[in-house]
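Structure assessment
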Amino acid sequence: MPTTKLSRRAATAAALSLAALIAAPAHAQETFKIGLILPMTGGQASTGKQIDNAVKLYMQQKGDTVAGKKIEIILKDDGAVPDNTKRIAQELIVNDKVNVIAGFGVTPAALAAAPLATQGKVPEIVMAAGTSIITERSPYIVRTSFTLAQSSTIIADWAAKNGIKKVATLTSDFAPGNDALNFFKQNFTAGGGEVVEEVKVPLQNPDFAPFLQRMKDSKPDAMFVFVPAGQGGTFMKQFAERGLDKTGIKVIGPGDVMDDDLLNGMGDAALGAVTAHMYSAAHPSAMNKEFVAAYKKAFGSRPGFMAVGGYDGIHLIYEALKKTGGKTDGDALVEAMKGMKWESPRGPISIDPETRDIVQNIYIRKVEKVDGELYNVEFATFEAVKDSGKTKK
Ligand code: PHB
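Overview of the structure.

Definitions and cut-offs
Residues numbered from 1 in each chain as written. Predicted model: local features only at pLDDT ≥ 70, side-chain atom pairs only at ≥ 80, totals over all residues. Heavy atoms only, no water. Buried < 20%, exposed > 50% of the residue type's maximum accessible area, 1.4 Å probe, protein only. Helix = DSSP H or I, 4+ residues; strand = E, 2+ residues; numbered from the N terminus. Pairing = 2+ DSSP bridges. Contact = heavy atoms within 4.5 Å. Axes fitted to C-alpha atoms, helices over the stretch in contact; angles between N-to-C directions. Expected span 1.5 Å × (residues − 1). Arc of directions from axis to C-beta. Polar contact = N/O pair within 3.5 Å; in protein donor to acceptor, adjacent residues only side chain to side chain. Left-handed = near helix turned anticlockwise from the far one by under 90°. Nonpolar A, V, L, I, M, F, W, Y, C, P; charged D, E, K, R; others polar. Near = heavy atom within 4 Å. Areas by Shrake-Rupley, 256 points an atom, 1.4 Å probe, with all protein chains shown as cover. Core = buried A, V, L, I, M, F, W, Y, C linked by side-chain atoms within 4.5 Å. Phe/Tyr/Trp six-rings, centres within 6.5 Å; stacked < 30°, edge-to-face > 60°. Salt bridge = Lys/Arg side-chain N within 4 Å of Asp/Glu carboxyl O.

1. Overview of the pairing of strand β11 (residues 274-277)
Of the two faces of β11, the one holding Val-274 and Ala-276 and the one holding Thr-275 and His-277 are both buried throughout. Bridge count between β11 and strand β14 (residues 358-370): 4 bridges; the pairing is antiparallel. Across the sheet, the residue bridging to Thr-275 is Arg-365, located in β14.

2. Description of the sheet that holds strand β2 (residues 65-66)
Read across the sheet, 6 strands follow the order β2-β3-β1-β4-β5-β6 without closing on themselves; strand pairing throughout is mixed. Bordering the open sheet on either side are β2 and β6 (141-143), each of which pairs with just one other strand. Bridge analysis of strand β1 (residues 31-38) against strand β4 (residues 100-103) gives 4 bridges, and the strand direction is parallel. For Gly-35, the partnering residue across the bridge sits in β4 and is Ile-101. On the sheet, helix α3 (residues 82-94) packs against β1, β3 (69-77) and β4 and is oriented at approximately 175° with respect to β1.

3. As for α3
Its 13 residues give α3 an end-to-end C-alpha distance of 18 Å, which sits within 8% of 18 Å, the value for a rise of 1.5 Å per residue. Within the span of α3, buried status applies to Thr-85, Ile-88, Ala-89, Leu-92 and Ile-93. For α3, the buried positions fall inside an angular range of 125° around the axis, keeping them on one side.

4. Quick word on the side chain of Arg-302
Along the chain, Arg-302 falls in the loop between α10 (286-299) and α11 (305-323). Looking at Arg-302, its side chain comes within polar contact range of the side chain of Glu-373, at 3.0 Å.

5. Concerning the packing of helix α5 (residues 148-161) against helix α6 (residues 175-190)
Across the interface, α5 lies against α6 with an axial gap of 8 Å and an inter-helix angle of 35°. Crossing angle aside, the handedness with which α5 passes α6 is right-handed. Along its contact with α5, which presents Leu-148, Ala-149, Ser-152, Thr-153, Ile-155, Ala-156, Asp-157, Ala-159 and Ala-160, the element α6 presents Pro-176, Asp-179, Ala-180, Phe-183, Phe-184, Asn-187 and Phe-188. Across the contact of α5 with α6, the residue classes break down as 11 nonpolar, 3 polar and 2 charged.

6. A few points about the environment of Val-106
Mapped onto the fold, Val-106 is located in the loop between β4 and α4 (107-120). Exposure remark for Val-106: the relative accessible area of 6% places this residue in the buried category. Sequence separation between Val-106 and Pro-176 is 70 residues; the distance between their C-alpha atoms is 8.6 Å.

7. Quick notes on the site of the ligand
Looking at the ligand, there are 16 residues lining it, with Val-106, Thr-107, Gly-130, Ala-229 and Asp-256 nearest. Thr-107 is positioned with one of its side-chain polar atoms (N or O) 2.5 Å from an oxygen atom of the ligand. Ala-229 is positioned with one of its backbone polar atoms (N or O) 2.9 Å from an oxygen atom of the ligand. Contact with the protein chains hides 100% of the accessible area of the ligand, taken as 280 Å² for the molecule alone.

8. As for the pairing of strand β15 (residues 373-385)
Where β14 and β15 come together, 10 bridges link them in antiparallel fashion. Paired with Lys-369 across the bridge in β15 is Leu-374. In this structure, the hairpin formed by β14 and β15 is closed by a connection of 2 residues, where Asp-371 is found at a positive phi of approximately 50°.

9. What about the side chain of Ser-218?
On the secondary structure map, Ser-218 appears in the loop between α7 (209-217) and β9 (222-226). For Ser-218, a relative accessible area of 19% corresponds to the buried category. Non-local contacts of Ser-218, meaning those with residues more than four positions away in its chain, are made with Ala-168, Val-196 and Glu-197.

10. Observations regarding the nonpolar core
Counting residues in each nonpolar core, the largest one holds 92 residues, and the members touching the most others are Ile-101, Ile-125, Ile-155, Ile-252 and Phe-291. Here this core takes 11 residues from α11, the largest share from any one element. Once residues within four sequence positions are removed from consideration, Ile-101 is found in contact with Gly-35, Ala-89, Ile-93, Ala-113, Ala-117, Val-122, Pro-123, Glu-124 and Ile-125. Within the second largest apolar cluster, 26 residues are counted, among which are Ala-168, Phe-208, Phe-211 and Leu-212.

11. Quick look at the packing of aromatic side chains
With the rule as written, the count across this model stands at 12 aromatic pairs. Each ring, one from Tyr-58 and one from Tyr-318, has its centre 5.0 Å from the other, and the planes form 90°; the classification is edge-to-face. Of this pair, Tyr-58 sits in helix α2 (residues 45-62) while Tyr-318 sits in helix α11, and the two are 260 residues apart along the sequence. Taking relative accessible area as the criterion, Tyr-318 reaches 3% and is therefore assigned buried. When the centroid spacing of 5.6 Å and the interplanar angle of 70° are considered together, the rings of Phe-146 and Phe-305 count as edge-to-face. Here the residue Phe-146 occupies a position in the loop between β6 and α5, and Phe-305 occupies one in helix α11, the gap between them amounting to 159 residues.

12. Structural notes on the pattern of salt bridges
On inspection of all chains with the given rule, the structure shows 17 salt bridges. Its salt-bridge partner being Asp-64, residue Lys-70 comes within 2.7 Å of it at the nearest N-O pair. Residue Lys-70 is classed as partly exposed on the basis of its relative accessible area, which comes to 45%. By relative accessible area, which is 30% here, Asp-64 ends up partly exposed. Across the salt bridge formed by Glu-319 and Lys-322, the nearest N and O atoms sit 2.9 Å from each other. Taken together, the positions of Glu-319 and Lys-322, both in helix α11 and 3 residues apart, correspond to about one turn of that helix.

Here's what the structure looks like:
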């Protein structure tokens, strides 16, 4: 009967569409989702831009398929506001079912997401923030940026050994600024130095001018400065406007204030600044030369240290996924990341298997003019520096 025939056909069609339905989730699992949470607007937007660029560059170079999985980036702007970070991380984990959350332009954002990473058993890759405690807040946090303790202890030792006796400090008033200040003071005073003036400036829209007069009046040999990525240009402009560049007061600090992203626009007032940091666009390795050239070609600007944290962060995710053979389980991915070693544009780096924090060279650099452009020229290297700022257990 025609009806039987029809219904048989209908049954076949139904079976086929059922098979398609069953196949759909399997197909969806072939995608590996990375929720990239960055400040794309507001005062920290340069960090977001650098990391977003670097992730795009890496994926252009290496392709978007890893261990049979298609990598999908879901970029979300948290404006560096931790309440936003928390809400976005929750949505990404629960609704989008991301396999990894990454980015985090500031410490409060990285901390806000930590409990969600733990609950969801989702790796949290910190590509920018630099306060020591971050990796202690969740066993799923792995960091590819830096810590302020790494650079501030080293510049403090260097200053004490190089004729700098009196220092005035200017630090941004939030967690990484406090780490920078405390680790600097600890090593500098142990080396015989004295801190003669201490000012903390607000994170949002800082006006440095009122503080700079106090710095000048305290007649230090050097000024220790920590401002987050993106603020160094404003700082140096006001430094020069107040005539501090004519006083002989040297600028020292972690390298954030001399971010390569902005350095060339700072003018000659920046010449001679000595900072300790994990990345310089002038790092003389073949890999870095290629990285800088490719970044400039793609985005028309020089990569800064935040770009490198992003580039290595996405590399870490790719390599972990390769190592698990495409297994997306959060615990397996974090296990795969522990102890991983590779060459970065900044030099050799690894992930400390105990703390999940980055181990890297810290370079001391001086701002010099090279072929008419300002660069942080490295002149001393401290190899495989671990974070010294963890809570003592
Ligand atoms: C941080 O919030 O941890 C942070 C932000 C910008 C920096 C360094 C640290 O340059």
